[in-house]
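Chain residues, written in single-letter form:
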Amino acid sequence: MSNSYDAYLSSGLYDRRYPSPNRRTLRTLLRLMPTDGRFVDFGAGTGRYTLPLLQRTRATGVAYDVCPTACRMLAERLAAFVGDGRLAVRNAGASGLARSFPQGFDLALLAFGVLAHVAGRKERASLLASLRAILKPDGVLVLSLPNAKRRFHAEQRSAAPMVRDGALEPGDVLYARHSEAGTIEMFYHLFSPTEARDELSSAGFRIESIEPESLLPETAVVGNPLLARLDDLACGFAPAAVGYGFLIVARP
């Protein structure tokens, strides 16, 4: 996925698709983030959540991404926060988190689909365990996951033979994004609410809440302020199972 996201970000397609944070997710983060606390944004991308967290609180944070292009863009765009010591940018996986930050974080974020880009249940469990290890005992994990009932139906059908053969796990799909620079091959794992609960529980998390992150596709609600407001209101009355994605708050 690192190579895929290098191409995705370098093409500018990622920023065009996701120019701003999801308002429901950002509101949840701001509600849970202590003003002077510490956060880690794992899979920070180009900083669409890291930036407003730093702007709207006095928190300090670490932006992690396995993609070198993402880290370069983060360091450039958030240079003022890096310069004053409020933000560290790290190009690494999850394995060194506990050794690097033994003092703990108040909040960990796995934003839109980050966990879903991790292939293999064991690998996802390892990432979740690493994040749990760096949270304070009263810390919180906020994550969003793609809903299998709402996403990539054709790709799920195409993946079915590979699932039967054992090349993919149930819920895995392969898809592509198309930019002016060419086709970008991608991997995703799609979730049901039950699977989300099982994976988090197995990693030692207790789910505090699970709700729709949006009812419309993410690109629609982050690119159109009016649709974002209407979708936000509608999500308040909808069960998680009908969401385009699930917004989950979990604690160790």
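Everything below is about the structure printed above this text.
Within every chain, residues take consecutive numbers counted from 1 along the sequence as written. Reporting in this predicted model follows two pLDDT cut-offs: at least 70 for local features of residues, and 80 or more for side-chain atom pairs to be given and counted; totals over whole chains, interfaces and linings ignore these cut-offs and use all residues. Remark: hydrogens and water are excluded; side-chain values derive from all non-hydrogen atoms of the structure.

**Student:** Mind showing me how you'd approach the overall build of the protein chain here?
**Tutor:** On a plain count of helices and strands, the protein chain comes out with 12 helices and 9 strands. Only C-alpha atoms enter the radius of gyration; for comparison, a globular chain is expected to reach 2.2 Å times N to the power 0.38, where N is the number of residues. Expected size for 252 residues packed as a compact globule is a radius of gyration near 18 Å; at 17 Å, the protein chain falls within 12% of this value. Taking all contacts inside the protein chain whose residues are at least 6 apart in sequence as the whole, residues at least 24 apart take part in 74%. Areas reported here follow the Shrake-Rupley algorithm with a probe of radius 1.4 Å; residue values treat only the protein chains shown as occluding. Summed over all atoms, the accessible surface of the protein chain reaches about 11,300 Å², with 53% contributed by carbon and sulfur. Each charge class in the protein chain was averaged separately, 30 positive and 25 negative side chains, and the resulting centres sit 4 Å apart. For helices the rule is a DSSP run of H or I covering at least 4 residues; for strands it is a run of E covering at least 2, with both sets numbered from the N terminus onward. Between two residues, a contact is recorded if the distance between any of their heavy atoms is within 4.5 Å. This count recognises Lys and Arg as positive and Asp and Glu as negative, with His and chain-terminal groups excluded. A charge is said to be at NZ when it belongs to Lys, at CZ for Arg, at CG for Asp and at CD for Glu.

**Student:** Explain the nonpolar core to me, please; I cannot follow it from the model alone.
**Tutor:** Within soluble globular proteins, side chains that are nonpolar generally end up buried alongside one another. Only buried residues count toward a nonpolar core, which is a set of Ala, Val, Leu, Ile, Met, Phe, Trp, Tyr and Cys residues joined through side-chain atoms within 4.5 Å. Each residue is assigned to one of three classes by its accessible area relative to the maximum for its type, calculated with a 1.4 Å probe on protein chains only: buried under 20%, partly exposed between the two thresholds, exposed over 50%. In this structure, Leu110, Leu131, Leu141 and Ile248 are the most contacted members of the largest nonpolar core, which totals 52 residues. Leu32, Ala63, Leu87 and Val142 belong to the second-largest nonpolar core, a separate cluster that totals 22 residues.

**Student:** Just to check I follow, could you spell out the packing of helix 1 (residues 2-10) against helix 5 (residues 68-77) for this structure?
**Tutor:** The axes of two packed helices give the description: the angle between them and the distance between them. The angle between two axes is taken between their N-to-C directions and runs from 0 to 180 degrees, where each axis is a line fitted to C-alpha atoms and a helix contributes only its stretch in contact. Closest axis-to-axis distance for the helix 1/helix 5 pair is 7 Å, and the angle between their directions is 45 degrees. Here helix 1 is positioned oblique relative to helix 5, judged by the angle of their axes. Where helix 1 abuts helix 5, its residues Ser2, Asp6, Leu9 and Ser10 lie against Pro68, Thr69, Ala70 and Met73. Within the contact of helix 1 with helix 5, the residues separate by chemical class into 4 nonpolar, 3 polar and 1 charged. In these notes the angle categories are as follows: under 35 degrees is roughly parallel, over 145 is roughly antiparallel, 65 to 115 is roughly perpendicular, and the rest is oblique. In this count, Pro and Cys sit with the nonpolar residues alongside Ala, Val, Leu, Ile, Met, Phe, Trp and Tyr, while Asp, Glu, Lys and Arg are called charged and the others, Gly among them, polar.

**Student:** What exactly am I supposed to notice about helix 12 (residues 225-235) here?
**Tutor:** Note that an α-helix has 3.6 residues per turn; residues three or four places apart therefore point the same way. All buried positions along helix 12 are accounted for by Ala228, Asp231, Asp232 and Cys235. Along the axis of helix 12, the buried positions cluster into a sector of 105 degrees, meaning they face one direction only. On its buried face, helix 12 is in contact with helix 3 (23-32), strand 8 (206-214) and helix 11 (218-223). Throughout, the arc means that of the directions going from the helix axis to the C-beta atoms.

**Student:** Just checking my understanding: could you explain the sheet that holds strand 4 (residues 105-110) for this structure?
**Tutor:** By definition, two strands form a pair when at least two bridges between them are found by DSSP. Reading across from one edge, 3-2-1-4-5-9-8 is the order of the 7 strands in this open sheet, with mixed pairing throughout. With partners counted over all chains shown, the strands left at the sheet margins are strand 3 (87-91) and strand 8, one partner each. If you compare each strand with its neighbour and ignore which way they point, the axes differ by 15 degrees on average. Against the sheet, helix 3 contacts strand 4, strand 5 (135-146), strand 8 and strand 9 (245-251), and its axis sits at roughly 10 degrees relative to strand 9. Here helix 10 (residues 193-202) sits on the sheet and contacts strand 5, strand 8 and strand 9; the angle it forms with strand 8, its principal contact strand, is near 145 degrees.

**Student:** What is the right way to look at the packing of aromatic side chains in this model?
**Tutor:** In this description, a pair of aromatic rings is defined by centroid distance and the angle of the planes. Pairs were defined over the aromatic rings of Phe, Tyr and Trp, the Trp ring being its six-membered one, requiring ring centres within 6.5 Å. Orientation was assigned from the angle between planes: stacked under 30 degrees, edge-to-face over 60, tilted for the rest. Considering all chains together, one arrives at 6 aromatic pairs under this definition. When the ring of Tyr18 is compared with that of Phe112, the centres are 5.6 Å apart and the planes differ by 55 degrees; the resulting orientation is tilted. Here Phe112 lies in the loop between strand 4 and helix 8 (121-134) and Tyr18 lies in the loop between helix 2 (13-17) and helix 3, a separation of 94 residues in the sequence. Given a relative accessible area of 8%, Tyr18 falls into the buried group. Phe112 gets classed as buried once you look at its relative accessible area, which sits at 15%. Seen in terms of ring centroids, Phe152 and Tyr175 are 4.5 Å apart; in terms of plane orientation they differ by 35 degrees. Their pairing is tilted. Placement of Phe152 in the loop between strand 5 and helix 9 (153-165) and of Tyr175 in strand 6 (residues 172-179) is noted, with a sequence separation of 23 residues between them.

**Student:** Explain the side chain of Ser11 here, please?
**Tutor:** For Ser11, the location among the structural elements is in the loop between helix 1 and helix 2. Here Leu13 takes part through its backbone nitrogen, which lies 3.1 Å from a polar atom of the side chain of Ser11. The contact partners of Ser11, leaving out residues within four places of it in the chain, are Arg16, Ser179 and Ile184. What qualifies as a polar contact is a pair of N or O atoms within 3.5 Å, subject to a donor-acceptor requirement within protein and to the restriction that residues adjacent in sequence count only when both atoms come from side chains.

**Student:** What's the story with the pairing of strand 7 (residues 182-189) in this structure? I'm lost.
**Tutor:** The two faces of a sheet get side chains in turn, since along a regular strand they alternate between them. The pairing of strand 6 with strand 7 spans 8 bridges and is classified as antiparallel. Residue Tyr175 lies in a different strand from strand 7, and its bridge partner there is Met186. Between the antiparallel neighbours strand 6 and strand 7 lie 2 residues.

**Student:** What is the right way to look at the pattern of salt bridges in this model?
**Tutor:** Side chains that differ in sign of charge can pair as their charged atoms come close. Any carboxyl oxygen of Asp or Glu within 4 Å of a side-chain nitrogen of Lys or Arg constitutes a salt bridge here. Across all of its chains, the model carries 12 salt bridges by this definition. Between Glu169 and Arg124 there is a salt bridge; the shortest N-O distance is 4.0 Å. Of this pair, Glu169 sits in the loop between helix 9 and strand 6 while Arg124 sits in helix 8, and the two are 45 residues apart along the sequence. Residue Glu169 is classed as partly exposed on the basis of its relative accessible area, which comes to 32%.

**Student:** Explain the packing of helix 8 against helix 10 here, please?
**Tutor:** It is at 9 Å that the axes of helix 8 and helix 10 come closest, and there the two elements cross at 55 degrees. With respect to helix 10, the element helix 8 is oriented oblique. Crossing hand, helix 8 versus helix 10: right-handed. Here helix 8 contributes Arg121, Arg124 and Leu128 to the contact with helix 10, which in turn contributes Glu195, Asp198, Glu199, Leu200 and Ser202. Of the residues that constitute the contact of helix 8 with helix 10, the class distribution is 2 nonpolar, 1 polar and 5 charged. With the far helix as reference, a near helix turned anticlockwise by less than a right angle produces a left-handed crossing, and one turned clockwise produces a right-handed crossing.

Any functional reading would require information that these geometric values do not contain.
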